[in-house]
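A look at the structure
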Amino acid sequence: MGAFRETTLKPFRSARAALAYLSRFTNYEKTPPKGRRTPYDLARMRRLCEALGHPERAFAAYHVTGTKGKGSTAHYLAAAFGENAGLYTSPHLSSMLERIRVGGCPVSGKRFAALMTRVVAKSETAPGEFATYFELMTACAFEAFRGCGVAVIEVGLGGRLDATNVLPAPLACGITSIDWDHMDRLGNTLEKIAAEKAGIVKPGAVVVTAERKPGPLGVIRRAAARAGCRLLIVGREVRIDEAVSDGRDRWSATLSMKGSPSMRVTLATPGRHQLDNFAVAWAMAQSTAPLPAAHWRAAASVQIPARLQLFPGAPPVLLDVAHNPVSLRALAVHLARAFPRRRTALVFGTSSDKDVAANVEAVAGAADALFFAAARHPRASDPATLRALAGRGEAFANARRALDAARQYAGKRGLVVVAGSFYLAGDLLPSIRRRP
C-alpha cells in the first residue's frame, strides 16, 4: 500500500494531553459531513492498521450493529466473556476512556496515553492524508485488545463504511434491529439502511439479528446468503419464551435454539426490548464459542449504563439515552408500566441530525411536564424549536437549569426522566449523581 511516514512527537504524559492533541483531527461526531456525498472510506483505516502491524487481527472479534440496542448487546456479550474480553463502544457519557474497556473496566489514563502515542505517530496514512478522530480511537481500541482473547466491537455509524469494518471475518455479526436514523448518510428507506448495516457481514461469520420487518430482514437474509453465512433470527431460530416482567418492567424469559441448552434469565436492565438485545448476544456466543450458564447469569445482572437507569433520590432520576423514535416510544411504554402513578417531568434534548420532529412526537405525551434543553454539543437542537414542535413545555438554554426545574416540578415523590441524547445524558450525569 505504499510507505508510511511516522509523525515525530513526544509521548503523551496523560489521557488529557492525548485527547487535547486528538481534538486537532477531523471529528464527524461533532461536525458531520454535509450533503449526500460521504468522505467515509475504509482505505484510510486499512492503511493505518497496516502501519500499526494489523492490531485488528490480534483477537477473535464479535461485530455488532443496528439502529437501536447495539450498545446493550455489546455490553451483554462482553460481560458474558468476562475479564479477558475487550469492549469498544461509542459514544460515551463522561469520558472518552469509557469507549475502550477490558474486563468491564475502562482503559486507564496512563494506558490510553501510551496507546494513543503509538497510534497518533502513524496518523499520516498517506502523504498529506490524516486519519480521523474516530479512526484513531478505533485503532487505539484495537491496540488495547492485542492481549485479549476476544473483543466485542460496536459499529459507530452504519456498518459498511464504518472504521470498525476493517476487521477480518468476525466469529459472529449481530444486527439488533433496523429503524430510521442517520438517513442523510445511510439512505432514505429501511432497506437501504439495512444494506449499510449488513455491510459488516463477512464469509465465515454467523449472523444473528433481532430484525423482524420483512423489507430490512430480506436485505439481511440476502447479505448472509451471499456470504454463505448461517443466519439466526430472534423469534425464529432463537426463541424467547415465557417472558414475564415484574413491577419495575424487568423481564425474565427462557432462551432456546437448536444445538444449545435452553436457559432462563432475568435481566437487571428494564424494558422488554432488552430481551431481544440479550438474545442476540446469547446466540452470537452460543453458536460460536458456547459459554456456561453462570456467565450468562452474570451478564444478565449487569445494569447497562444510561439505559433506563434509575438513580435514587427525592425525586429519583431515570436516565435513558434513547435517541430515535422507536427507542423513545419504548421509553414511554416503560414509564407507563413502571411508574404509572408518578408525577413525571421529562428533561429532553436531541441532536439536530436526528429526526427531530418524530423524536419529539414520540415523547410529547410520555410525561406530565416537558423541559427542553440543549447539550453542550454543536449538533444539539434548539430547545425553543423542540418546545414549538411539542406545543407545550418549557425551553432552557442551560441543561442544568432544566434539570433543577424538573426536580422542582416532580417533587420528592415524583420522577424526573432525562432522555434523547448521549450528550445531554453525559452533561447532566454529574448533577444526577449529586442528589438534591
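Structural data are supplied above this passage.
How each quantity is defined
- Residues numbered from 1 in each chain as written.
- Predicted model: local features only at pLDDT ≥ 70, side-chain atom pairs only at ≥ 80, totals over all residues.
- Heavy atoms only, no water.
- Helix = DSSP H or I, 4+ residues; strand = E, 2+ residues; numbered from the N terminus.
- Rg over C-alpha atoms; globule rule 2.2 N^0.38 Å.
- Buried < 20%, exposed > 50% of the residue type's maximum accessible area, 1.4 Å probe, protein only.
- Contact = heavy atoms within 4.5 Å.
- Areas by Shrake-Rupley, 256 points an atom, 1.4 Å probe, with all protein chains shown as cover.
- Lys, Arg positive; Asp, Glu negative; His and termini not counted.
- Charge placed at Lys NZ, Arg CZ, Asp CG, Glu CD.
- Pairing = 2+ DSSP bridges.
- Axes fitted to C-alpha atoms, helices over the stretch in contact; angles between N-to-C directions.
- 1 Å grid on protein atoms, 1.4 Å probe; cavity = no way out; pocket = protein on both sides within 12 Å on 5 of 7 lines; lining within 4 Å.
- Points joined across faces, edges and corners; volume = space filled by probe spheres on them.
- Nonpolar A, V, L, I, M, F, W, Y, C, P; charged D, E, K, R; others polar.
- Phe/Tyr/Trp six-rings, centres within 6.5 Å; stacked < 30°, edge-to-face > 60°.
- Disulfide = S-S within 2.5 Å.
- Polar contact = N/O pair within 3.5 Å; in protein donor to acceptor, adjacent residues only side chain to side chain.

The helix and strand inventory of the protein chain stands at 15 helices and 19 strands. A compact globule built from 436 residues should have a C-alpha radius of gyration of about 22 Å, and the protein chain, at 21 Å, falls within 12% of that. Viewed in the frame of its principal axes, the protein chain has a C-alpha envelope of about 65 × 50 × 40 Å. Classification of the 436 residues of the protein chain by burial places 59% in the buried group. Partitioning the contacts of the protein chain with sequence separation of at least 6, the portion at a separation of at least 24 is 71%. Surface summary for the protein chain: the accessible area is close to 17,900 Å², and the carbon and sulfur share equals 51%. Separation between the mean location of the 60 positive side-chain charges and that of the 34 negative ones in the protein chain comes to 4 Å.

This part is about the sheet that holds strand E17 (residues 369-373). Judged by pairing direction, the sheet is mixed, and its six strands sit side by side in the order E14-E15-E19-E16-E17-E18 without closing on themselves. The sheet is open, and its two edges are formed by strand E14 (309-311) and strand E18 (394-396), each paired on a single side. The average angle at which neighbouring strand axes cross in this sheet is 20 degrees, direction not considered. Examined bridge by bridge, strand E16 (residues 344-348) and E17 share four bridges and lie parallel to one another. Paired with phenylalanine 348 across the two strands is phenylalanine 372, which belongs to E17. Strands E16, E17 and E18 of the sheet are contacted by helix H13 (residues 383-390), whose axis makes an angle of about 150 degrees with E17.

Turning our eyes to something else, we now look at empty space enclosed by the protein. The final tally for this structure, using the stated rule, is one cavity of 30 Å³ or more. Broken down by class, the residue content of the lining of the largest cavity amounts to six nonpolar, five polar and no charged.

With that settled, consider the sheet that holds strand E12 (residues 251-257). Across the sheet, three strands lie side by side as E11-E12-E13; this open sheet has antiparallel pairing. Whereas interior strands pair on both sides, the edge strands pair on one side only; in this sheet they are strand E11 (239-245) and strand E13 (260-266). Ignoring strand direction, the axes of neighbouring strands in this sheet form an average angle of 10 degrees. Here E11 pairs with E12 via five bridges, running antiparallel. Bridging from a neighbouring strand, aspartate 241 pairs with threonine 254 of E12. The sheet contacts of helix H9 (residues 273-286) involve E11, E12 and E13, and relative to E12 the element is tilted by about 30 degrees.

A complete count under the given rule lists 10 aromatic pairs for this structure. Pairing phenylalanine 59 with phenylalanine 145 gives two aromatic rings, centres 5.9 Å apart and planes at 85 degrees, and the pair type is edge-to-face. A residue pair is termed long-range when its members are at least 10 positions apart, and phenylalanine 59 in the loop between helix H2 (42-51) and strand E1 (60-65) and phenylalanine 145 in the loop between helix H5 (133-144) and strand E7 (150-154) qualify at 86 residues. Across the pair, exposure class does not vary: phenylalanine 59 and phenylalanine 145 are buried alike.

A separate point is the state of the cysteines. Tallying each qualifying case throughout the model produces zero disulfides. Between cysteine 49, a cysteine without a disulfide, and cysteine 140, which holds the nearest cysteine sulfur, the sulfur-to-sulfur distance is 12 Å. Not engaged in a disulfide, the cysteine cysteine 105 finds its nearest cysteine sulfur in cysteine 148; these two sulfurs lie 12 Å apart.

The next thing to look at is the side chain of arginine 44. Tracing the chain through its elements places arginine 44 in helix H2. A distance of 2.8 Å separates a polar atom in the side chain of arginine 44 from a polar atom in the side chain of glutamate 135.

Right, let's get into unusual backbone geometry. For the bond running from serine 90 to proline 91, omega is -5 degrees, close enough to zero to count as cis. Locating proline 91 in the fold gives a position in the loop between strand E2 (85-88) and strand E3 (100-102). Cis geometry is found at the peptide bond from alanine 314 to proline 315, where omega equals 10 degrees. The phi torsion at histidine 54 lies on the positive side, around 55 degrees, for a residue other than glycine. Mapped onto the secondary structure, histidine 54 falls in the loop between H2 and E1. Its relative accessible area of 23% is what places histidine 54 among the partly exposed residues. Located in the positive-phi region is glutamate 242, a residue other than glycine, with phi close to 55 degrees. By secondary structure assignment, the location of glutamate 242 is in strand E11.

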